[in-house]
Each structure stands twice: as structure tokens, then as C-alpha cells.
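Commentary on secondary and tertiary structure
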Amino acid sequence: MSVASRPTAPKNPPTLTDGVVLLRLPEASDIPTIADGCQDPEVARWTNLPSPYTEQDARAWVDKVTNPVHWWDQPTWVIADTGNRWSGSVHLQPDGRGTATVRFLVAPWLRGRGIATRAVRLACRWGFSSLDLNVITWRALLGNEAARAVAQSAGFAVHEQPMRRGLVHRGELMDCWFADLIADDLQELGGGQVWTGPQLTRREREVLHAMAAGQSNRDIAITLGISENTVKNHVRSILEKLPARSRMEAVVKGVQEGITRLT
Ligand SMILES: CC(C)(COP(=O)(O)OP(=O)(O)OC[C@H]1O[C@@H](n2cnc3c(N)ncnc32)[C@H](O)[C@@H]1OP(=O)(O)O)[C@@H](O)C(=O)NCCC(=O)NCCS
């Protein structure tokens, strides 16, 4: 078995999707939604996130996790819905010796739709293939039934006996449930192909949204307050990155890959 190592030449953090959820880097525009979602009492109850949770906390988190050096030490994604809105987060914490821990949360308004399960599978599949992990572990406070069900659905072997004092919660060592996952567990589940999506910039995604809404280059230029030539350059770049041969094909691919939606 190999030992995990950080890639020598830092690459762009990957965007991952299974066609339903999209895992991407956080952006400044996510901050108000993150702050809203993390004020949820369940988040305060089961995680170590600040409570009460403010926009300042969200901003500090976005700044930290988008730092490329930090990202490869602790890969962290925003879970985005089909409208590219923040819907939760998933995080891998590798220990540098082939093991990583996974943590996750989903916005209260989107729970119970399998989003956490899909996001955890995507992140773990990527961790095995790209970080060369041997095992991914999960721990949660006793009683966190929802998180336990996610671990189980994502393919983890959840141990019957709790681990004593296995988790630090708000500065105190607590008993916890724990589970582990190896790459073969995901193979057994089948499907769920990880797709590393095109790295569209924020502006390119805005242009793609406008294309999906049927706007012409001229309309897009007016809406976004940029020149028509700049719009043309964005469109060319979008077609290259997806890749697509026409605007129509770009919109179809964008929808299929969860980067945009038809409005
Ligand atoms: C835990 C959490 C991420 C689950 O998100 P989610 O998107 O609702 O989870 P899913 O829809 O993928 O649910 C997966 C499974 O959990 C089950 N589940 C969801 N909520 C549940 C609950 N409150 N009690 C029991 N089971 C629950 C679902 O029925 C589903 O089971 P199935 O696969 O057998 O159908 C979400 O509740 C959350 O963010 N909680 C607060 C933060 C937290 O606890 N994070 C985990 C720390 S380790």
C-alpha cells in the first residue's frame, strides 16, 4: 500500500460532479448563504463551527480554504446545487500517512435529498485516486443519526461499538461513532463516476447562465456591463473548456454537468 503525499507541483483544485451535485471551490459570493446555513442549531450541536455563526466567520473560512497551499493540505469543497448556490461543504483532512478524515454538512433547506451522501462519495473517490489514500475515516458525536446514516449510505463500515473519547467537541473529548472506508467499498457501490469538470471562471459561468437563458452576445454585454467583444472572448473560452462546438452544445453540457440550468 502506498503512503499519501501532496502533489509536488500544486494543481488547480478540482471541480467534481456526479451529474447531480457539484463540488467546487468556495467563492466570496457564497458568504451570505454560508452564514445563513451555518446558523442552523443542528450545525452548532454536532460540529465545532463557531456558534453563533456570522458572515465574518464565513468570510474567514472562505479566505482560508481558497488558499491553494492550504487547499492541498486540507481539500475542501462547497457542495453546489444546480443553480450553483452553496448547499453545504465537504472536507478531507489527510494525516500524511495514507489516512484522511471526512467531514460534511448540508444546508438545512436541502437535507434529506441524498446530497450529503453524493458529496461524500465524490470527495472520497477523488481522495483515493488523487491523494493515493488507503483509508478514509469518519467520526461523529453519539446520537448524530443523520451523519451516521450518511456514512453508511456512502459505503463506510460503521462500527457497532462507540469509540471512547475519540472526538474533540468544543474543547472537550467526547465518545463518538466511527467508521472507515477503503476504495473497494466504493467499487462495490458501483456507478458514481467522478468527473473533473472544466474550470470555468465566475464570469464565464455568468456568461453561460445568460446563454442558457437564451440571451444574445449583445444582451449579455448589456446585462453584465461589458463589451460585446469581451463576451465573445468568454464564449470562445467556454466552448474550449467544456468542450463544445456550438452555444447550444455548451448550454446542454453545462446543464448536464450542473454548471448552469435552464431558466
Ligand atoms: C448530516 C447531514 C450532512 C445529512 O445531510 P443530508 O443531505 O440530509 O443527508 P442525505 O440526504 O444524504 O441522507 C443520507 C441518509 O441519512 C438519512 N437521514 C437524513 N437525516 C436523518 C436523520 N435526521 N435521522 C436519521 N437518518 C437521517 C436519510 O434518510 C438517508 O438514508 P438512506 O440513504 O437510507 O435513504 C445534515 O443533516 C447536516 O448537515 N447536519 C448538521 C451537521 C452535521 O451533523 N454534520 C456531520 C458531522 S460528522
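Here, the structure is the one placed above.
What this report covers is the structure whose coordinates are included nearby. Just so it is clear, the model here is predicted, and its values are computed rather than measured.

1. Here we look at the site of the ligand
Around the ligand there are 23 residues in total, and Val-106, Gly-112, Gly-114, Thr-117 and Ser-153 lie nearest to it. A distance of 2.9 Å separates a nitrogen atom of the ligand from a polar atom in the backbone of Phe-104. Ser-153 has a polar side-chain atom sitting 2.6 Å from an oxygen atom of the ligand. When isolated, the ligand has an accessible area of 930 Å², and the protein chains bury 69% of it. Elements represented by at least two residues in the shell around the ligand include exactly helix H2 (41–46), strand E5 (99–106), helix H5 (115–130), strand E6 (135–141) and helix H6 (145–153). Considering each element in turn, the shell around the ligand owes the most residues, 6 residues, to H6. Class assignment for the residues of the shell around the ligand results in 12 nonpolar, 6 polar and 5 charged.

2. Digging into H6
Along H6, the residues classified as buried are Ala-147, Arg-148, Val-150 and Ala-151. Burial along H6 is one-sided: seen end-on, the buried residues are contained in an arc of 160°. Away from the buried face of H6 by more than 90 degrees, exposed residues Glu-145 and Ala-146 are located. A positive phi of about 110° marks Gly-155, the residue just after H6.

Each value, and the rule that gives it
Residues numbered from 1 in each chain as written. Predicted model: local features only at pLDDT ≥ 70, side-chain atom pairs only at ≥ 80, totals over all residues. Heavy atoms only, no water. Near = heavy atom within 4 Å. Polar contact = N/O pair within 3.5 Å; in protein donor to acceptor, adjacent residues only side chain to side chain. Areas by Shrake-Rupley, 256 points an atom, 1.4 Å probe, with all protein chains shown as cover. Helix = DSSP H or I, 4+ residues; strand = E, 2+ residues; numbered from the N terminus. Nonpolar A, V, L, I, M, F, W, Y, C, P; charged D, E, K, R; others polar. Buried < 20%, exposed > 50% of the residue type's maximum accessible area, 1.4 Å probe, protein only. Arc of directions from axis to C-beta.

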